[in-house]
Amino acid sequence: MWTDYDYLRRTVAIAAESRAVGNHPFGAILVGPDGAVLIESGNTFEADRGLGHAETNVARAAARAYAPEFLEKCTLVTSVEPCCMCAGAVYWAGIGAVVYGLAERRLAELTGDNPENLTLDLECRTVFAAGRRKVEVRGPFAALEREIVDGHRDFW
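Described in the following lines is the structure provided in the data block. Given the structure is predicted, the values throughout are model-derived calculations rather than measurements.

Among the nonpolar cores identified, the biggest contains 38 residues, and Leu30, Val77, Ile95 and Phe128 are the most heavily contacted of them. Of all the secondary-structure elements, those providing two or more residues to this core are helix H1 (4-20), strand S1 (27-31), helix H3 (54-65), strand S3 (75-80), helix H5 (84-93), strand S4 (97-102), helix H7 (124-129) and helix H8 (145-150). With five residues, H5 is the single largest residue contributor to this core. Setting aside residues no more than four positions away along its own chain, Phe128 makes contact with Ala87, Val90, Tyr91, Val98, Arg133, Val135 and Val137.

With mixed pairing, the five strands of this open sheet are ordered in space as S2-S1-S3-S4-S5. Either end of the sheet is taken by a strand with one partner, and the two such strands are strand S2 (37-42) and strand S5 (136-138). Shown here is a sheet whose adjacent strand axes are inclined to one another by a mean of 15°, direction ignored. Relative to S4, S3 runs parallel, the two sharing five bridges.

Of all the five residues making up S1, five are buried; the element is thus mostly covered by neighbouring parts of the structure. In S1, alternate side chains face the same way, and those of Gly27, Ile29 and Val31 on one face and Ala28 and Leu30 on the other are all buried. A loop of five residues connects S1 with S2, the two strands running antiparallel in sequence, and Gly35 in this loop sits at a positive phi of about 95°. Judged from the four bridges that link them, S1 and S3 form a sheet pairing that is antiparallel. Along S3, the bridge assignment pairs Ala28 with Thr78.

Criteria and thresholds
Residues numbered from 1 in each chain as written. Predicted model: local features only at pLDDT ≥ 70, side-chain atom pairs only at ≥ 80, totals over all residues. Heavy atoms only, no water. Core = buried A, V, L, I, M, F, W, Y, C linked by side-chain atoms within 4.5 Å. Buried < 20%, exposed > 50% of the residue type's maximum accessible area, 1.4 Å probe, protein only. Helix = DSSP H or I, 4+ residues; strand = E, 2+ residues; numbered from the N terminus. Contact = heavy atoms within 4.5 Å. Pairing = 2+ DSSP bridges. Axes fitted to C-alpha atoms, helices over the stretch in contact; angles between N-to-C directions.

Spelled out as structure tokens, the structure:
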């Protein structure tokens, strides 16, 4: 069975694939209760502009494919902490846990004032805490920071 680190490395690979085709370097997956990867998505900025976040893409596909009772046992794994839009999508899809590699505040240091990614200073834990349903959060993972940051180098 894979560990959080293994799943996170898969999201880093998806982020690299996303970047290679002209999208922003982000990747996300949905992991089922048995550890199987059920859904994968990179960022889709080229098609969806600012709404094409990898996490929202996964949450939307998950909500279409699975019942809420199943999704509450699933985990969304993502290379970078979900923004408030993505955290909202995870919450409303009914996904029970989030694992992320790099904190959004650290991402903001990389993106600066780039108009394509004007990050919001709002942790996903704060968004989830405002809800009536618990979403478990694990992250950031300092051991993977360099790997994730390298995927953003010279992009923004």
